[in-house]
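Observations on the model geometry
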Amino acid sequence: MVTNAASFGRSGVHDYILLRASAVILACYTIFLVGFIACSAPLTFEIWSGLFSSLPMKVFTLITLIALLIHAWIGVWQVLTDYVKQTALRGVLQFTFVMIALSYLASGIVIVWGV
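Numbers given to residues run from 1 along each chain, matching the order in which its sequence is written. The model is predicted, so local features are restricted to residues of pLDDT at least 70 and side-chain atom pairs to those at 80 or more, both for listing and for counting; the totals for chains, interfaces and linings are taken over all residues. Remark: hydrogens and water are excluded; side-chain values derive from all non-hydrogen atoms of the structure.

1. Description of the overall build of the chain
Looking only at helices and strands, the chain has four helices and zero strands in total. The secondary structure listing takes helices from DSSP runs of H or I that are at least 4 residues long and strands from runs of E that are at least 2 residues long, numbered from the N terminus. In sequence order, the chain lays out its α and β elements as α-α-α-α. Looking at the chain as a whole, 28% of its 115 residues are labelled buried. It only takes one pair of heavy atoms within 4.5 Å for two residues to be counted as in contact. For the chain, long-range pairs separated by at least 24 residues make up 61% of all intrachain contacts whose partners lie at least 6 apart in sequence. Every accessible area reported is derived by Shrake-Rupley at a probe size of 1.4 Å, with residue values counting cover from the shown protein chains alone. Total accessible area on the chain is roughly 7,600 Å²; 76% of this is exposed by carbon and sulfur atoms. When accessible area is computed with a 1.4 Å probe and restricted to protein chains, residues below 20% of their type maximum are described as buried, those above 50% as exposed, and intermediate ones as partly exposed.

As structure tokens, this is what we get:
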């Protein structure tokens, strides 16, 4: 069996499962936030800050951020391998995306755990 080193899940089945799992996490987070906003009629800074200061919400937010980055990486990798045929250019674009994604992860950790 041939595996691709650039694939996150190392195979099409793993990528498929990771995409679906990350999509479920993203959907649950979105539904939770929309429900919270709908149920908190006078949404104040204290209520919003209180929500994100709790440990379960910090963990849920961090898991969602990681799921978003996994979802985005698989999508970008698939698009780049389909449409960018020059290996050097594709490598530069993938490296650029990874650096941006890692900076998003680092700033997300600082923001979430800094509350």
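Structure shown, so let's carry the discussion forward.
2. Here we look at helix H4 (residues 87-113)
Relative to the 39 Å expected for 27 residues at 1.5 Å per residue, H4 spans 38 Å between its end C-alpha atoms, a close match to the ideal helical length. Residues of H4 that are buried: Arg90, Gln94, Phe97, Ala101, Gly108 and Val112. Residues of H4 that are buried make contact with helix H3 (55-83). Each helix should span, by expectation, one fewer than its residue count multiplied by 1.5 Å.

3. With respect to the UniProt feature "binding site: heme" (unreviewed entry) in the chain
With numbering aligned to this structure, UniProt lists the feature "binding site: heme" (unreviewed entry) at His71. In this structure, His71 sits in helix H3. Residue His71 is classed as partly exposed on the basis of its relative accessible area, which comes to 29%. Those residues within four positions of His71 in sequence are excluded, and the remaining contacts are Leu19, Ser22, Ala23 and Leu26. UniProt positions are given in the numbering used here, feature names are shortened, and annotations may be inferred rather than shown by experiment.

4. Overview of a nonpolar patch on the surface
On the surface, Leu55, Val59, Ile63, Ile109 and Trp113 cluster together into a nonpolar patch covering about 430 Å² of accessible area. Elements with a contribution of two residues or more to the nonpolar patch: H3 and H4. For the nonpolar patch, the leading source of residues is H3, giving three residues. Within the secondary structure, Val59 sits in helix H3. Residue classification places Val59 among the partly exposed residues on the basis of a relative accessible area of 36%. Put simply, a patch holds well-exposed residues, over 30% relative accessible area, that have no salt bridge, with like charges counted together within 9 Å and Val, Leu, Ile, Met, Phe, Trp or Tyr side chains within 5 Å. Any Lys or Arg side-chain nitrogen located within 4 Å of an Asp or Glu carboxyl oxygen qualifies as a salt bridge.

5. Details of the UniProt feature "binding site: a ubiquinone" (unreviewed entry) in the chain
Within this structure's numbering, the places UniProt gives as "binding site: a ubiquinone" (unreviewed entry) are Tyr83. In this structure, Tyr83 sits in helix H3.

6. Here we look at the nonpolar core
Nine residue types can take part in a nonpolar core, namely buried Ala, Val, Leu, Ile, Met, Phe, Trp, Tyr and Cys, and a core is a set of them joined through side-chain atoms within 4.5 Å. Grouped together as the largest cluster of nonpolar side chains are nine residues: Leu19, Leu65, Leu69, Ile70, Trp73, Ile74, Trp77, Phe97 and Ala101. Contributing elements (two or more residues each) for this core: H3 and H4. Ranked by residue count, the leading element in this core is H3, at six residues. In this view, Leu69 contacts Ala101, Tyr104 and Leu105; residues no more than four positions away in its chain are not counted. Core analysis: the second largest hydrophobic core is formed by six residues, Leu33, Leu51, Phe52 and Met57 among them.

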